[in-house]
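An overview of the molecular structure
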Amino acid sequence: MEASREGMRALWISLAGLGVTAVLQALVVVLSGSVALLGDTLHNVADALTAVPLGIAFWLGRRAATRAYTYGFGRAEDLAGIVIVLVIAGSSVASAWFAADRLVHPRPMAHLAWVAAAGVIGFVGNEVVARYRISVGRRIGSAALVADGLHARTDGFTSLAVVLAAAGAGLGWSWADPVVGLAITVAIAFVLKDAAREIYRRLMDRVEPALVDRAERTLRDIPGVRDVAGLRLRWIGHRLHAEATVVVDSRLTLLAAHEIAADAEHQLTHHVPRLTSVTIHVDPATHPGDGHHTGLSHNRRDRLAAVTR
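Definitions and limits used
- Residues numbered from 1 in each chain as written.
- Predicted model: local features only at pLDDT ≥ 70, side-chain atom pairs only at ≥ 80, totals over all residues.
- Heavy atoms only, no water.
- 1 Å grid on protein atoms, 1.4 Å probe; cavity = no way out; pocket = protein on both sides within 12 Å on 5 of 7 lines; lining within 4 Å.
- Points joined across faces, edges and corners; volume = space filled by probe spheres on them.
- Helix = DSSP H or I, 4+ residues; strand = E, 2+ residues; numbered from the N terminus.
- Nonpolar A, V, L, I, M, F, W, Y, C, P; charged D, E, K, R; others polar.
- Salt bridge = Lys/Arg side-chain N within 4 Å of Asp/Glu carboxyl O.
- Buried < 20%, exposed > 50% of the residue type's maximum accessible area, 1.4 Å probe, protein only.

**A word on the layout of surface pockets**
Here the largest pocket defines a volume of roughly 410 Å³. The wall of the largest pocket is formed by 16 residues, among which Ala143, Glu198, Arg202, Glu208 and Trp235 lie closest to the centre. Going through the elements one at a time, helix H5 (112-140), helix H6 (143-170) and helix H7 (176-203) are the ones with two or more residues in the lining of the largest pocket. The residue inventory of the lining of the largest pocket, partitioned by class, reads six nonpolar, three polar and seven charged. Secondary structure elements with two or more residues in the lining of the second largest pocket: strand E1 (227-236), strand E2 (239-248) and strand E3 (275-284). Residue classes in the lining of the second largest pocket are distributed as four nonpolar, six polar and four charged.

**A look at the pattern of salt bridges**
Side chains that differ in charge, positive against negative, can pair when their charged atoms come close. Counted according to the given criterion, the structure contains 11 salt bridges. Note that Asp78 and Arg75 form a salt bridge whose closest N and O atoms lie 3.0 Å from each other. Across the pair Asp194 and Arg197 runs a salt bridge whose closest N-O atoms are separated by 3.3 Å. Within this pair, Asp194 and its partner Arg197 are both found in helix H7, separated by three residues, close to a single helical turn. Classification of Arg197 by relative accessible area gives partly exposed; the value is 37%.

Coordinates in, geometry out; function isn't part of it.
Rendered as structure tokens:
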């Protein structure tokens, strides 16, 4: 709940910052007619609007699990990541269209100093928002918020490209403005690739191998655990979940084995960042791994059937 609140706070603060930046740039676009600045403004508007699906996702993620959605609604955050990727792609297409049209139908750029100033404003606004989103996203484990922060960071560098467009126009290069607009489109495409990769990995349940190593070391260090027969981690939204199988002495009582499982669960949540739930299965040392489960089930059923006959 606290992580979701922190994510929501980051979204609304960054939305306000980017909104102010986009409005200031839009005023200069109307005055100057710069297509490079128009592309940058469109990108900033798109970046600001991505706060809406993410905000909805954070709100949904705070809802309690139900009988139908037993893992809760954390996956809404990953769906919001897909929306962000589509928005980035849309801003890239729009930027390319306007730049290509201006290249075919050139027009002079006015108020060059204001255009350059708007580019600097765009860079500063985006970089501040990017640092904030990435920092909060990594702290709470939100891949979508990190992707959104990376998006804002590249927006900042594309804003600096607008300054180059203004400088080129000042030198009399009529092609500078649309060419820089096309360069901004290429930059957006690289952000699209990185953001899509982040969201794809999260949807495919990829976790950092270092997290798996840490979880496995933690389990092996627990007194009574002889081995770790299986371990799986997965993200659901910005929360990490784990399933593990530990091997213990086959002579232990049920209560003693349960104590080891409870200890393993507690230690994992302490040593693995953002891990919120753990399921521990205990195997006796005489039957480690799940390869024995089918045989054990059949043998038990046969014994029960023999008793009832």
